[in-house]
Amino acid sequence: MSQSAENSGREEMGGDTTRQGSPSRPLNRTELAVWLGFLSTHLKLLRTLDTELLAAERISMSSFEVLLTVAEAPEGRIRMKDIAASLLISRSGLTRIVDDLQRQGLVVREKCPTDARGFDAVLTAAGRKAYRRANKVHLTNLRKEFLDKLTDDQLTELAGIWATVGFDENANTC
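Quick caveat: nothing in here was measured; it's all calculated off a predicted structure. (Residues numbered from 1 in each chain as written. Predicted model: local features only at pLDDT ≥ 70, side-chain atom pairs only at ≥ 80, totals over all residues. Heavy atoms only, no water.)

(A) Quick look at the packing of aromatic side chains. This structure, assessed with the given rule, holds three aromatic pairs. On the numbers, 5.8 Å between centres and 25° between planes, the contact of Trp 35 with Phe 38 is stacked. Taken together, the residues Trp 35 and Phe 38, both in helix α2 (residues 29-57) and three residues apart, mark about one turn of the helix. Accessibility expressed as a relative area gives 44% for Trp 35, which makes it partly exposed. Measuring from centroid to centroid gives 6.0 Å for Phe 64 and Tyr 131, while their planes differ by 15°, and the two rings are stacked. Separated by 67 residues along the polypeptide, Phe 64 in helix α3 (residues 61-72) and Tyr 131 in helix α6 (residues 125-145) bring together distant segments of the chain. Tyr 131 carries the same exposure label as Phe 64, and that label is buried. Here the aromatic residues Trp 35, Phe 38 and Trp 162 are joined through ring pairs into a cluster of three or more. (Phe/Tyr/Trp six-rings, centres within 6.5 Å; stacked < 30°, edge-to-face > 60°. Helix = DSSP H or I, 4+ residues; strand = E, 2+ residues; numbered from the N terminus. Buried < 20%, exposed > 50% of the residue type's maximum accessible area, 1.4 Å probe, protein only.)

Written out as structure tokens, the structure is:
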């Protein structure tokens with residue numbers, strides 16, 4: 001039986017033939033629904049989290065992610081380049097965010113003790129307090145808008161999907 005005839009037979013029986021063929025083939029309905037659903041959910045969730053953080057603590061989601069990364073680092077200190085890498089943000093973009101956090105007194109930049117060419121972002125006492133308040137807002141809204149809408153089984157399945165896809169490497173950074 002030819003590959004084409006075999007695929008046709010599977011299609012008629014409801015089998016999964018979407019994994020075969022050219023990698024640039026068009027998305028089928030299910031694939032399109034998955035992709036657009038992922039993008040829409042991601043965008044809406046980030047907008048909601050950003051809006052809530054700004055309203056409650058006057059901290060944007062991008063600033064919160066930097067605060068989180070610094071707060072969770074050993075001794076509340078981390079290399080600027082490591083923040084940029086973990087958040088998938090350009091160094092110039094990170095510089096703008098850290099400049100703003102520094103103006104607010106939430107972080108300071110200090111020379112890296114192990115590499116005089118680099119700088120660390122270091123959380124201040126005010127930064128730790130702001131992070132704790134913002135984290136409560138973030139977690140409340142993350143649960144309300146996303147996690148609490150899923151059953152334990154769905155959360156477990158979704159965690160498995162992220163592991164299968166392979167994009168969970170930085171899961172502990174946000």
